[in-house]
Amino acid sequence: WLDFPETGGGLLTSGGSAANLGALLAAREWAGNPVNPVIYMSDQGHSSLDRAARIIGIPPENLRKIPSDESFRLDIDCLKKVLENDRAAGMDPLCICGNGGATNTGAIDPLEAMAAVAAQEQVWFHIDAAYGGFAVLAPREKEAFRGMEAADSVTLDPHKWFFQPYETGCLLLRDRRLLWECFHIMPEYLKDATPEEGEVNF
Ligand SMILES: *Cc1c(COP(=O)(O)O)cnc(C)c1O
């Protein structure tokens, strides 16, 4: 559905909040745990991203809320400028978060343009599509999600439009191995219970 390559994958989580948390951690790991990480999202970004940043020790002053336009979509020129300023100030741009349907308004950010900025700046591109992501299944709406295939991670919430029980969120990475590398710890007592390659170990 997301046009991810074969390497794509992830797991179900307790909700979109936990998926966003996992995405930010994977981003930080991928970036080599920089000292001054900065996260970018529009002023319509979901509060769980602010909370996830706090949980992993990224202070509120390292969050950039980029203004949105009259359709509540992120202003791409402003994103570029703010990111440039941060670079000049010696900060470490870490992750651009796009809305795949903002919760208050349904707005879908200019994902394709954001993906291009992320690629150029070598910054992680996360799409929080917890609320609206499944609209990608409607042929009429698919176009609006162009750029999603270039995301490094996507949050989806089957407990919303898929009417699954509460506590069914989902985190998908374009390269699922990164998730494993980020969270893998092998304690002594589990050494004889190594999961099969490709097995999702919740
Ligand atoms: C609902 C929502 C979340 C949080 O999801 P929970 O499943 O409630 O943890 C995150 N982002 C967006 C855009 C949402 O709509």
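Residues numbered from 1 in each chain as written. Predicted model: local features only at pLDDT ≥ 70, side-chain atom pairs only at ≥ 80, totals over all residues. Heavy atoms only, no water.

What follows concerns the site of the ligand. Near the ligand, the surroundings consist of 13 residues, among which Gly16, Ser17, Asp128, His159 and Lys160 are the closest. One nitrogen or oxygen atom from the side chain of Ser17 is found 2.6 Å from an oxygen atom belonging to the ligand. Within the side chain of Asp128, an N or O atom sits 2.7 Å from a nitrogen atom of the ligand. Its free accessible area being 380 Å², the ligand has 87% of it covered by the protein chains. In this structure, the ligand is accommodated by the second largest pocket. (Near = heavy atom within 4 Å. Polar contact = N/O pair within 3.5 Å; in protein donor to acceptor, adjacent residues only side chain to side chain. Areas by Shrake-Rupley, 256 points an atom, 1.4 Å probe, with all protein chains shown as cover. 1 Å grid on protein atoms, 1.4 Å probe; cavity = no way out; pocket = protein on both sides within 12 Å on 5 of 7 lines; lining within 4 Å. Sits in = over half its atoms within 2 Å of the grid points.)

For the rest of this paragraph, the subject is the state of the cysteines. Going through the model one piece at a time under the given rule, you end up with zero disulfides. In this structure Cys78 is a free cysteine whose sulfur lies 15 Å from that of Cys97, the closest cysteine sulfur available. With no disulfide of its own, Cys97 lies 3.8 Å from the sulfur of Cys95, the closest cysteine sulfur. (Disulfide = S-S within 2.5 Å.)

Further remarks concern the pattern of salt bridges. Inspection of every chain in the model, using the stated rule, returns nine salt bridges. The residue Asp3 makes a salt bridge to Lys142 at a minimum N-O spacing of 3.3 Å. Of the two residues, Asp3 sits in the segment before β1 (9-13) while Lys142 sits in helix α5 (residues 139-142), which places them 139 residues apart along the sequence. Ionic pairing is found between Asp86 and Arg64, a salt bridge with its closest N-O pair at 3.0 Å. Of this pair, Asp86 sits in helix α3 (residues 76-88) while Arg64 sits in strand β3 (residues 63-66), and the two are 22 residues apart along the sequence. Pair check on accessibility: Asp86 and Arg64 agree, each one buried. (Salt bridge = Lys/Arg side-chain N within 4 Å of Asp/Glu carboxyl O. Helix = DSSP H or I, 4+ residues; strand = E, 2+ residues; numbered from the N terminus. Buried < 20%, exposed > 50% of the residue type's maximum accessible area, 1.4 Å probe, protein only.)

Let's shift gears to unusual backbone geometry. A positive phi angle, close to 50°, is found at Asn33, a residue other than glycine. With respect to the element layout, Asn33 can be found in the loop between α1 (16-30) and β2 (37-42). Taking relative accessible area as the criterion, Asn33 reaches 45% and is therefore assigned partly exposed. In this structure, Phe163 is a non-glycine residue whose phi angle is positive, near 55°. Its location among the elements puts Phe163 in the loop between β6 (153-156) and β7 (169-173). Judged by relative accessible area, which is 72%, Phe163 ranks as exposed.

This next bit is on α1. Its 15 residues place the ends of α1 21 Å apart at the C-alpha level, agreeing with the 21 Å of an ideal helix rising 1.5 Å per residue. Looking at α1, one finds that the buried residues are Gly16, Ala19, Asn20, Gly22, Ala23, Leu24, Ala26, Ala27 and Arg28. (Expected span 1.5 Å × (residues − 1).)

Picture the strands of a sheet paired through backbone hydrogen bonds; they go either parallel or antiparallel. The sheet built from seven strands is open, its strands ordered β1-β7-β6-β5-β4-β2-β3 with mixed pairing. Because the sheet does not close on itself, it has two edges, and the strands there are β1 and β3. Taking the axes of each pair of neighbouring strands and ignoring which way they run, one obtains an average angle of 20° across the sheet. Of the strand pairs in this sheet, β2 and β3 are connected by four bridges, and their pairing is parallel. The residue bridging Tyr40 from the neighbouring strand is Arg64, located in β3. Running over the sheet, α1 touches β1, β2, β4 (92-99), β5 (124-129), β6 and β7 and is turned about 175° from β5. Strands β4 and β5 of the sheet are contacted by helix α4 (residues 111-121), whose axis makes an angle of about 165° with β4. (Pairing = 2+ DSSP bridges. Axes fitted to C-alpha atoms, helices over the stretch in contact; angles between N-to-C directions. Contact = heavy atoms within 4.5 Å.)

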